[in-house]
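Chain residues, written in single-letter form:
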Amino acid sequence: MDHFLYRNGILHAEDVPLPEIAAQVGTPFYVYSTATLTRHYQLFKDALDGVPNMVCFAMKANSNQAVLKVLAGLGAGMDVVSGGEYARAKAAGVPGERIVFSGVGKTRAEMRAALEGGIRQFNIESEPEMGVLSEVASSMGATAPVTIRVNPDVDARTHEKIATGKSDNKFGIPISRAKEVYALAASLPGLEVIGIDVHIGSQLVDLEPFEQAYAKVAELTRMLRAEGHDIRRLDLGGGLGIPYTRSNEAPPLPTDYGALIKRCVAGLDVEVEIEPGRLIAGNAGLLVSSVIYLKNGEGRDFLILDAAMNDLIRPSMYGAYHDIDPVVEPAPGAGRQPYDVVGPVCESGDTFAKGRELPPLVSGDLVAFRSAGAYGAVMSSEYNTRPLIPEVLVKGDHVAVIRPRPTFDEIINRDIVPEWL
Ligand SMILES: *Cc1c(COP(=O)(O)O)cnc(C)c1O
């Protein structure tokens, strides 16, 4: 459920009609709903009620300061994958003890910054990384709390580009080698081993792969404890999928996911961490765009929008599906016709949908891409010198631009022409 509904025939973000925002900031733009972000975070908290837990928002899904503030204000932790994200989390007021550092390629500088600013734990992904963290922490006279990310070799049954838990992925250490890698960690100075980490992929639409992975982690917990390690925290990753289309079968609910986690950790007396990104932010955002032209091609009609692949890359990168709705609700009984929905960028890949059935649209009409709050704005670029598009946050009838559209001068002035040229 989200808070983007038609009222009196006009699509709203909470209490605000989208055409009002379009008039204020121009199109295209992203708009996020505070109520939806809050609701989704709360679903996870409720689902894990009864086990000590922390829900760490995977902020690579949406790292706008205002979005982070909403979630941090509710008590969320943050899962960061770069020094930049760490700095963003701190800037949004998230204390270090609520920040988890994930990612396969943490640099010395990133480790140092996190140890200086405070960190809940590093999720270590390899032995070389472990060695470097040990050196960095020791040289600072610090102790780094660590979990080790294990790769449980389960098939997440999701898109190959976002599956991370098979043995041929670059993530984590093979679970079969966990015993020796944990022994190595325990022997190194500057590290304190506190738990286990796992994350098997994104947009998982069934619970079975989670169940397999978490069962392996529970078994590993018992084994490592028997080896003398103080395993007290399990980071179970993110990855719960969201409905990208109304017609699809619904993905599992956070409640059922929570129940599964509780089943898997029963009797272990551990603190649980999860790192959802997409489920919290995905359906809390829309991308709103205008129709520039309707172009009749041979056997197909192209709807040319002012949004493009640089603004929302998921369709061209993953073949992702997004529902597209007209902002003015079609009259009951209005017909539908197939359109190829495209952007203006000079790439054939700049296609959002082919043969999409939509009510008749004309130049100037507004359309909204659903489920665009995660992996949307954060993956955008200025390809074709198309300025990054504004992000807007709504709460009830409040509206605020939370990232403005840069001017052409601002974009051009970032380049420097050497004086010797
Ligand atoms: C991407 C990622 C997440 C979030 O995945 P979602 O599918 O957005 O929930 C969590 N943890 C790690 C380590 C990730 O790389």
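Residues numbered from 1 in each chain as written. Predicted model: local features only at pLDDT ≥ 70, side-chain atom pairs only at ≥ 80, totals over all residues. Heavy atoms only, no water.

### Section: the nonpolar core
Piece 1. Core analysis: the largest hydrophobic core is formed by 100 residues, its most contacted members being F57, M78, F122 and V341.
Piece 2. The element best represented in this core is helix α8 (residues 208-226), accounting for 7 residues.
Piece 3. Ignoring anything within four residues of it in the chain, the contact list for F122 reads F101, K106, M111, A114, L115, L133, A144, P145, V146 and T147.
Piece 4. The next biggest cluster of nonpolar side chains, apart from the first, holds 17 residues, and it includes V16, V31, V327 and L366. (Core = buried A, V, L, I, M, F, W, Y, C linked by side-chain atoms within 4.5 Å. Buried < 20%, exposed > 50% of the residue type's maximum accessible area, 1.4 Å probe, protein only. Helix = DSSP H or I, 4+ residues; strand = E, 2+ residues; numbered from the N terminus. Contact = heavy atoms within 4.5 Å.)

### Thoughts on the pattern of salt bridges
Piece 1. Taken as a whole and assessed by the stated rule, the structure comprises 20 salt bridges.
Piece 2. Overlapping salt bridges, with partners in common, bring together R120, R233, E271 and E273 in one network. (Salt bridge = Lys/Arg side-chain N within 4 Å of Asp/Glu carboxyl O.)

### A short note on the site of the ligand
Piece 1. Taken together, the neighbourhood of the ligand is formed by 15 residues, with K60, S202, E275, R278 and Y375 sitting nearest.
Piece 2. At a separation of 3.5 Å, a nitrogen atom of the ligand approaches a polar side-chain atom of H199.
Piece 3. A distance of 2.5 Å is found between a nitrogen atom of the ligand and a side-chain nitrogen or oxygen belonging to E275.
Piece 4. Contact with the protein chains covers 93% of the free accessible surface of the ligand, which is 390 Å². (Near = heavy atom within 4 Å. Polar contact = N/O pair within 3.5 Å; in protein donor to acceptor, adjacent residues only side chain to side chain. Areas by Shrake-Rupley, 256 points an atom, 1.4 Å probe, with all protein chains shown as cover.)

### A few points about the domain arrangement of the protein chain
Piece 1. Each assigned domain of the protein chain is listed here: domain 1 (4-25 + 283-412) and domain 2 (32-281).
Piece 2. A separation of 32 Å is found between the C-alpha centroids of domain 1 and domain 2.
Piece 3. Counting residues at the interface gives 26 residues for domain 1 and 27 residues for domain 2.
Piece 4. Its largest share of buried area at the contact with domain 2, domain 1 owes to N283, A284 and Y375, together 26% of the area lost on that side.
Piece 5. Linking domain 1 with domain 2 are 0 salt bridges. (Domains from an automatic or database assignment. Buried area = accessible area lost by both parts, 1.4 Å probe.)

### Focus on helix α2 (residues 34-47)
Piece 1. With 14 residues, α2 ought to run about 20 Å at 1.5 Å a step, and its terminal C-alpha atoms sit 20 Å apart, in line with that.
Piece 2. Of all the positions in α2, only T34, T36, L37, H40, Y41, F44 and A47 are classed as buried. (Expected span 1.5 Å × (residues − 1).)

### Details of the state of the cysteines
Piece 1. Across all of its chains, the model carries 0 disulfides by this definition.
Piece 2. As a non-bridged cysteine, C264 has C56 as the owner of its nearest cysteine sulfur, 19 Å distant.
Piece 3. For C264, a relative accessible area of 13% puts it in the buried group. (Disulfide = S-S within 2.5 Å.)

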